[in-house]
Amino acid sequence: MNAFLTQSFTPKKLNGLALKNRFIKAGTFEGMSPQSAVSSALCNFHGRIADGGVAMTTIGYCAIENDGRLHENMLYMHEGIRNDLSTLINTLHSKDCKVSGQMGYGGGFSKNRHRQRKRPLGPSFGINMLGVAQGMLFCDAMTLQDIDRLVKRYGEAAAFMQSVGFDCLEIHFGHGYGLCQFMSPKTNRRTDLYGGTLQNRMRLPLRVLESVRKAVGDDFPVIGKISLTEGVQGGLDYDDALEIARLLDQGGIDGIVTSGGTSTMNPMIMFRGDNLLQPMLKAEKSPLMRMMLRLAGPRLFKHYPYEELYFLEQAKRLREVVNCDLIYVGGASNNNSFATLMQAGFDFIQLGRSLLSDPDLPLQAKHNPGYASRCLHCNECVATIEHAQGIHCTRFDS
Ligand SMILES: Cc1cc2nc3c(=O)[nH]c(=O)nc-3n(C[C@H](O)[C@H](O)[C@H](O)COP(=O)(O)O)c2cc1C
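Residues numbered from 1 in each chain as written. Predicted model: local features only at pLDDT ≥ 70, side-chain atom pairs only at ≥ 80, totals over all residues. Heavy atoms only, no water.

Draft legend 1. Here's a closer look at the packing of helix α4 (residues 144-164) against helix α7 (residues 203-216). Contact geometry of α4 with α7 gives a least axis separation of 8 Å together with a crossing angle of 35°. As α4 runs across α7, the sense of the crossing is right-handed. On α7, the residues touching I147, D148, L150, V151, K152, Y154, G155, A158, A159 and Q162 of α4 are L204, R207, V208, S211, V212, A215 and V216. (Axes fitted to C-alpha atoms, helices over the stretch in contact; angles between N-to-C directions. Helix = DSSP H or I, 4+ residues; strand = E, 2+ residues; numbered from the N terminus. Left-handed = near helix turned anticlockwise from the far one by under 90°. Contact = heavy atoms within 4.5 Å.)

If you want it as structure tokens, here you go:
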């Protein structure tokens, strides 16, 4: 076996947390938490991933509060789920798998009907792209008090997550969600200290990082997922990502996950492969939303054919500006790619779709150098996000 490939199966520590190999399940919102319940489906899903040999799985999109959820079928961090969440995490620990929680906040983007506030809150007033079909047309701009409260809430959610047994927290800074909306000149039109220059637009994300760090202490792993590019004119691009990564590194992050795209404006850059429009149209229940998808779809769902390691060249550039760990995500599905990533200096590898279709990928790949995931990048799994069964591979469900 090539030395770099062997390296991907060796242990490494992430801020003191011993991981048995370099494979981490990427956060893929599971769609298995009606009314924020830690369902048996969610437990079975992560149990199956743990059995396949990853060092750490990620529970996708753990909203830091009820109003931060994109919709009702999402976990939000509160005392009512403490016991069930602890039980899930303990079970995964008994399978020799660590557990990361992805801290999400939707900002001005939500169709959660169980919100306390009438409108979701983002950096600036605007259209709530996700809520339009539910009659939730607009989002409001956060006041300075709202910002202070949000920073505090991130800290409280982080303390809760640490206390229930998570081994690592992943703050979502990308994909067009709340913190990314502040970072992006496309969605942040503020004229106060939180808008304008990139330094100002990074003020809230950096305060959030500081609040999370303070809550969990210096020895607890905190990583962050960023979009290397939003893929839209006037949005964040690859050069901005270098400065964003540098600031997060300086702010004390332990690792950066190198993703891309925005769910609202250019999702396909994140999930390269077959176009999502047709599967989304098939899955969408609301006639109004279907009509909107037909109208906006061709512009929103651009064509990005699948390539292995599609973020490699841009993600590699971060190594020149940060000292923290780098965690690659985006089209890693076979042993050649794992070896390439180790050789390029990445510390860990996140796997999304390749594990949905083939949870045993790490175990199989370790014993068979020619092994490749059977994922076809058809992207039909993405359209199962709101399926009653939750996300699954429509081709090879196991
Ligand atoms: C069904 C599905 C759900 C996803 N949900 C999330 C999510 O909740 N949070 C997130 O950061 N990324 C999410 N993603 C993106 C993945 O984490 C990952 O960045 C992307 O799939 C590219 O990696 P891959 O080529 O290994 O699949 C999701 C992806 C899929 C396929």
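From this point on, the discussion continues.
Draft legend 2. The sheet that holds strand β7 (residues 126-127), seen in detail. Reading across from one edge, β6-β8-β7 is the order of the 3 strands in this open sheet, with mixed pairing throughout. With partners counted over all chains shown, the strands left at the sheet margins are β6 (121-122) and β7, one partner each. As paired strands, β7 and strand β8 (residues 138-141) are joined by 2 bridges and run antiparallel to one another. Residue pairing across strands places G126 opposite C139, the latter belonging to β8. (Pairing = 2+ DSSP bridges.)

Draft legend 3. A look at the nonpolar core. If you look at the biggest cluster of nonpolar residues, it comprises 99 residues, and the most contacted ones within it are M103, Y154, F166, I171 and I256. Top contributing element to this core by residue count: α4, with 9 residues. Dropping the residues within four chain positions of it, I171 is found in contact with M103, Y154, L179, V208, L209, V212, V222, I223, G224 and K225. If you look at the next biggest cluster of nonpolar residues, it comprises 13 residues, including L17, A26, I327 and V329. (Core = buried A, V, L, I, M, F, W, Y, C linked by side-chain atoms within 4.5 Å. Buried < 20%, exposed > 50% of the residue type's maximum accessible area, 1.4 Å probe, protein only.)

Draft legend 4. Structural context of a nonpolar patch on the surface. On the surface, L288, M291 and L295 cluster together into a nonpolar patch covering about 310 Å² of accessible area. Within the secondary structure, L295 sits in helix α10 (residues 287-300). Judged by its relative accessible area of 67%, L295 falls in the exposed class. (Patch = residues over 30% accessible without salt bridge, like charges linked within 9 Å, V, L, I, M, F, W, Y side chains within 5 Å. Areas by Shrake-Rupley, 256 points an atom, 1.4 Å probe, with all protein chains shown as cover. Salt bridge = Lys/Arg side-chain N within 4 Å of Asp/Glu carboxyl O.)

Draft legend 5. Region of the structure containing the pairing of strand β12 (residues 325-328). Burial along β12 is two-sided: D325 and I327 facing one way and L326 and Y328 facing the other are all buried. Bridge count between strand β11 (residues 255-259) and β12: 4 bridges; the pairing is parallel. Pairing of V257 across the sheet is with I327, part of β12. Across 2 bridges, the pairing between β12 and strand β13 (residues 348-351) is parallel. Looking at β13, one finds that Y328 is bridged to I349.

Draft legend 6. Quick peek at the environment of F23. Here F23 shows up in strand β3 (residues 23-25). The class for F23 is buried, based on a relative accessible area of 0%. Considering only alpha carbons, one finds F23 and F338, 315 residues apart in sequence, at a separation of 9.3 Å. Beyond its immediate sequence surroundings of up to four residues, F23 is in contact with S8, F9, V54, A55, M56, F338, I349, L351 and P362.

Draft legend 7. Structural detail: the site of the ligand. Taken together, 23 residues form the shell around the ligand, and within it G27, H172, K225, G331 and R353 come nearest. In isolation the ligand exposes 600 Å². Once the protein is present, 97% of that is buried. In terms of residue class, the shell around the ligand is built from 12 nonpolar, 9 polar and 2 charged. (Near = heavy atom within 4 Å. Nonpolar A, V, L, I, M, F, W, Y, C, P; charged D, E, K, R; others polar.)

Draft legend 8. Spatial organisation of the pattern of salt bridges. Following the criterion strictly, the structure yields 19 salt bridges and no others. Between E313 and K316 there is a salt bridge whose closest N-O contact spans 3.5 Å. Residue E313 and its partner K316 are both found in helix α11 (residues 312-316); the two are separated by 3 residues, about one turn of the helix. Owing to a relative accessible area of 32%, K316 belongs among the partly exposed residues under this scheme. Here E380 makes a salt bridge to R395, at a shortest N to O gap of 3.5 Å. With E380 in the segment after α14 (361-367) and R395 in the segment after α14, the pair connects residues that are 15 residues apart, well separated along the chain. What you see here is one network of salt bridges that share partners, running through K12, R319 and D347.

Draft legend 9. Structural view of the environment of C324. As for its placement among the helices and strands, C324 is situated in the loop between α11 and β12. C324 gets classed as buried once you look at its relative accessible area, which sits at 6%. Sequence-wise, C324 and M74 are 250 residues apart; in three dimensions their C-alpha atoms are separated by 30 Å. Not counting residues within four places of it along the chain, the set of residues in contact with C324 comprises D249, I253, D254, G255, I256, R319 and D347.

Draft legend 10. Focus on the side chain of D146. Along the chain, D146 turns up in helix α4. Buried and unpaired, D146 has R117 as its nearest opposite-charge partner, separated by 4.1 Å. Among the polar contacts made by the side chain of D146, one reaches the main-chain amide nitrogen of T143 at a distance of 2.8 Å. D146 has contacts with R117, L121 and A141, leaving out every residue within four places of it along the chain. (Lys, Arg positive; Asp, Glu negative; His and termini not counted. Polar contact = N/O pair within 3.5 Å; in protein donor to acceptor, adjacent residues only side chain to side chain.)

Draft legend 11. Representation of the side chain of S337 in the model. Among the structural elements, S337 can be located in helix α12 (residues 335-343). Take S337: its relative accessible area is 4%, and that puts it in the buried class. In contact with S337, not counting residues within four places along its chain, are E308, L309 and A332.

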